[in-house]
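Below are the chains, spelled out letter by letter.
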Amino acid sequence: MRTILLAGLLALSAPAAAVSTFDFETGDTSGWASSGTTGAGTSYGVFTPVSGTFLGFVVGGDAWVYSTLTKVINLAAGANLHGKVGFQAGDYFPYDDDAYLSVNGVNIFTSSVGAVGDFGNSGWQTFSFTAPTAGAYTFELGVRNAYDSGYSSAAVIDYGAVPEAGTWALMIVGFGFIGFTARGRKGALASVTN
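Residues numbered from 1 in each chain as written. Predicted model: local features only at pLDDT ≥ 70, side-chain atom pairs only at ≥ 80, totals over all residues. Heavy atoms only, no water.

Along the chain, Phe-93 connects to Pro-94 via a cis peptide bond; the corresponding omega equals 20°. Inspection of the secondary structure assignment puts Pro-94 in the loop between β6 (80-88) and β7 (98-103). Although it is not a glycine, Trp-64 adopts a positive phi angle of roughly 70°. Within the secondary structure, Trp-64 sits in the loop between β4 (55-59) and β5 (67-75). Since its relative accessible area comes to 43%, Trp-64 is described here as partly exposed. Of note in the backbone geometry, Tyr-147 takes a positive phi value of approximately 75° without being a glycine. (Helix = DSSP H or I, 4+ residues; strand = E, 2+ residues; numbered from the N terminus. Buried < 20%, exposed > 50% of the residue type's maximum accessible area, 1.4 Å probe, protein only.)

This part takes up the pattern of salt bridges. Counted under the stated rule, the structure contains 1 salt bridge. Between Arg-144 and Asp-98 there is a salt bridge whose closest N-O contact spans 2.7 Å. Of the two residues, Arg-144 sits in strand β10 (residues 135-144) while Asp-98 sits in strand β7, which places them 46 residues apart along the sequence. Classification of Asp-98 as buried rests on a relative accessible area of 14%. (Salt bridge = Lys/Arg side-chain N within 4 Å of Asp/Glu carboxyl O.)

Turning our attention to the pairing of β6. Counting buried residues along β6, 7 of its 9 residues qualify, which places the element largely inside the surrounding structure. Across 6 bridges, the pairing between β6 and strand β9 (residues 125-130) is antiparallel. By the bridge assignment for β9, Val-85 is matched with Gln-125. (Pairing = 2+ DSSP bridges.)

Among the structural elements, Asn-80 can be located in strand β6. A relative accessible area of 17% means that Asn-80 is categorised as buried. Within the local environment of Asn-80, its side chain forms a polar contact with the side chain of Thr-130, the two groups lying 2.9 Å apart. (Polar contact = N/O pair within 3.5 Å; in protein donor to acceptor, adjacent residues only side chain to side chain.)

Here we take up the sheet that holds β10. Ordered by their spatial adjacency, 5 strands build an open sheet running β2-β5-β10-β7-β8, and the pairing between neighbours is antiparallel. The sheet terminates laterally at β2 (33-35) and β8 (106-112), the two strands that pair on one side only. Sheet twist, expressed as the mean angle between neighbouring strand axes with direction ignored, is 10°. Where β5 meets β10, 9 bridges bridge the pair, whose relative direction is antiparallel. Along β10, the bridge assignment pairs Ser-67 with Val-143. (Axes fitted to C-alpha atoms, helices over the stretch in contact; angles between N-to-C directions.)

Here the focus is a nonpolar patch on the surface. On the surface, Tyr-92, Phe-119 and Tyr-151 cluster together to form a nonpolar patch covering roughly 330 Å² of accessible area. As for its position among the elements, Phe-119 is in the loop between α2 (113-116) and β9. (Patch = residues over 30% accessible without salt bridge, like charges linked within 9 Å, V, L, I, M, F, W, Y side chains within 5 Å. Areas by Shrake-Rupley, 256 points an atom, 1.4 Å probe, with all protein chains shown as cover.)

Okay, here's the thing in structure tokens:
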């Protein structure tokens, strides 16, 4: 009976475990609202895609004005969205260009020339956001030049994924099944060793 249940769970879990929400595989930024210089590419500075062929980027323009990529994503309560984000400094201190990734206006990633050094980079950083309630969440990637419009810095983003609702249910059932099986084996082992 346990073998049949396990086989059934494995068969149900065959579909992809996550829905990509920050996918730039069209080679452009379709599905995103943008301001300033934005795009998708096979690389930007030291950054290459984490998943697939393309990453998204936004480049600083006029001094003190953020260039942005913005996307609204509907999430279920407790859903976790995670991915990669980075900052490529195109300037030197004291021209402290900066970048951010925010959810509903709250920063979950920040970086700047002062943090990474002259013409440095943050490398890919993992971000994670868990929705406290079901609803629409606005994700925004922004970067700006400080003091001047030359030597532009950039922010990059790639592979944001959230598990499908069915996957969450399968994971819960699977953990319950593992606990049930372990409990049954514990009893069996106790009866064999006595």
